[in-house]
Amino acid sequence: MAAEEKLPEVTETTAVTEPATQPSTATKKKKPKKRKRTPKPHILTQFTLRSPPWSYIHLQHLTSHGPPATTTTPSSLDALTAHLQLTAALTQFLGLHGAAIPLDILQLRTESAELWIRVPAQDRSALLAAVGGCVSGKGEGWRVVGSSAWDARAMAMGSGQGLFED
């Protein structure tokens, strides 16, 4: 290898170069970017119910003869009797405080002895305990079919449309 071959010089260039007029990044101050506001949809009112004021309870009246659907005698249950029995159960369970719990009868079906009531939400557990554990001297009592804080169907089977039909 007497003859030295000259290799062409290879130079490497950088793809990103900073212009000479731009200050270095250490002295450069960044301006805060302005946020672009997105247009908000026009909402007339919006609210959230965190704790509903009422609770809805579905009850079934039980007699000593068995479930009302199997008996052939007509049920003597009316709204006044149901209200008196529920108030008596609350009074027996909680005394005067139980008697002061307001309850509204929404619907009473005499053929199946089913009752839908509305009570204040904070009194729901007291009413369920009082009604579920009370049996009258005649052997009559109440069975809790369902309860709900949001709808009057009270977690009943089916769609609950029968609640609003007579």
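Each chain carries its own residue numbering, running from 1 in the written order of its sequence. With pLDDT at 70 or above as the cut-off, local features in this predicted model cover only qualifying residues; side-chain atom pairs require 80 or more to be listed or tallied, and sums for whole chains, interfaces and linings still use all residues. Computation of side-chain values covers all heavy atoms of the structure but excludes hydrogens and water.

Looking at an unreviewed UniProt entry, one finds the protein named Ribonucleases P/MRP subunit Pop8-like domain-containing protein, with Friedmanniomyces simplex as its source organism.

Asks: What exactly am I supposed to notice about the overall build of the protein here?
Replies: Assigned secondary structure in the protein consists of 3 helices and 4 strands. Secondary structure is summarised from DSSP: a helix means a run of H or I of at least four residues, a strand means a run of E of at least two, and numbering begins at the N terminus for each. When the helices and strands of the protein are listed from N to C terminus, the series reads β-α-α-β-β-α-β. It only takes one pair of heavy atoms within 4.5 Å for two residues to be counted as in contact. Intrachain contacts of the protein at a sequence separation of at least 6 include 68% that bridge at least 24 residues. If you sum the accessible surface of the protein, you get close to 13400 Å²; carbon and sulfur atoms cover 56% of it. Here the open area of atoms and residues is found with the Shrake-Rupley method and a 1.4 Å probe, where only the protein chains shown may cover a residue.

Asks: How should I be thinking about the pattern of salt bridges in this particular structure?
Replies: Side chains carrying opposite charge are able to pair once their charged atoms draw close together. Counted as salt bridges are all cases of a side-chain nitrogen of Lys or Arg within 4 Å of a carboxyl oxygen of Asp or Glu. On inspection of all chains with the given rule, the structure shows 2 salt bridges. Between Arg109 and Glu114 there is a salt bridge, with the nearest N and O atoms lying 3.6 Å from each other.

Asks: Is there a simple way to explain the packing of aromatic side chains in this structure?
Replies: Between two aromatic rings, the relevant description is the distance of the centres plus the angle of the planes. Between rings of Phe, Tyr and Trp, where Trp is taken as its six-membered ring, a pair exists when centres lie within 6.5 Å; planes separated by under 30 degrees are stacked, by over 60 edge-to-face, and by other angles tilted. As enumerated under the stated definition, the model contains 0 aromatic pairs in all. Arg118 extends its terminal NZ or CZ atom over the ring of Trp54, reaching a point 4.0 Å from the ring centre. The criterion is that NZ of a Lys, or CZ of an Arg, lies within 6 Å of the ring centre and within 35 degrees of the ring normal, and then a charge sits over that ring.

Asks: Where do I start with the side chain of Ser148 in this structure?
Replies: With respect to the helices and strands, the residue Ser148 is situated in strand E4 (residues 141-148). From its side chain, Ser148 meets the backbone nitrogen of Trp150 in a polar contact 3.1 Å long. Pairing of N or O atoms within 3.5 Å defines a polar contact, subject to two protein rules: one partner must be a possible hydrogen donor and the other a possible acceptor, and residues neighboring in sequence count only if both atoms are side-chain atoms.

Asks: Could you clarify how one ought to interpret unusual backbone geometry in this entry?
Replies: As a rule of thumb, non-glycine residues mostly have phi less than zero, and peptide bonds are mostly trans rather than cis. One non-glycine residue, Ala113, lies in the positive phi region at around 55 degrees. Relative to the helices and strands, Ala113 is located in the loop between strand E2 (104-109) and strand E3 (114-120).

Asks: Would you mind showing me how to read helix H3 (residues 124-132) here?
Replies: Each residue gets one of three labels from its accessible area relative to the maximum for its type: buried under 20%, exposed over 50%, partly exposed in between, using a 1.4 Å probe on protein chains only. Looking at H3, one finds that the buried residues are Ala126, Leu127, Ala130 and Val131. Around the axis of H3, the buried residues are gathered within 115 degrees of arc, so they sit on the same side. In the core, the buried residues of H3 are packed alongside strand E1 (54-62), helix H1 (79-94), E3 and E4. The arc in question is the one traced by the directions running from the helix axis out to the C-beta atoms.

Asks: Could you clarify how one ought to interpret the confidence of the model for the protein in this entry?
Replies: Mean pLDDT over the protein: 78, with 67% of residues reaching 70 or higher. Think of pLDDT as the predictor's per-residue confidence, scored from 0 to 100. Within the protein, the lowest mean pLDDT, 90, falls on E4, and the highest, 94, falls on helix H2 (residues 96-99). With pLDDT under 50 throughout, residues 69-73 is counted as low confidence; its partners more than four residues away or in other chains account for 1 contact.

Asks: Before we go on, may I ask you to explain the nonpolar core in this structure?
Replies: Considering soluble globular proteins, one finds that nonpolar side chains tend to be buried as a cluster. Counting residues in hydrophobic clusters, the biggest one holds 17 residues, and the most contacted among them are Leu59, Leu86, Leu115, Ile117, Leu127 and Trp142. At the level of secondary structure, the elements contributing two or more residues to this core comprise E1, H1, E3 and H3. In terms of residues, this core owes the most to one element, H3, which gives 4 residues. Apart from residues lying up to four places away in sequence, Ile117 is in contact with Ser55, Tyr56, Ile57, Leu59, Leu86, Asp104, Ile105, Leu106 and Leu127. Residues enter a nonpolar core if they are buried and are Ala, Val, Leu, Ile, Met, Phe, Trp, Tyr or Cys, with the set joined through side-chain atoms within 4.5 Å.

Asks: It is not clear to me how the packing of H1 against H3 should be interpreted in this structure. Could you clarify?
Replies: The angle between the axes and the distance between the axes are what describe a pair of packed helices. Note on geometry: axes are lines fitted to C-alpha atoms, helical ones only across the stretch in contact, with angles between N-to-C directions running from 0 to 180 degrees. Contact pair H1 / H3: the axes reach a minimum separation of 8 Å and the direction vectors enclose 100 degrees. With respect to each other, H1 and H3 are oriented roughly perpendicular. Residues Leu86, Ala89, Leu90, Phe93 and Leu94 of H1 form the contact with H3, whose participating residues are Ala126, Leu127, Ala129, Ala130 and Val131. Among the residues forming the contact of H1 with H3, the class breakdown is 10 nonpolar, no polar and no charged. Should an angle fall under 35 degrees it is taken as roughly parallel, and over 145 as roughly antiparallel, whereas 65 to 115 is taken as roughly perpendicular and any remaining angle as oblique. Residues are grouped as follows: Ala, Val, Leu, Ile, Met, Phe, Trp, Tyr, Cys and Pro are nonpolar; Asp, Glu, Lys and Arg are charged; every other residue, Gly included, is polar.

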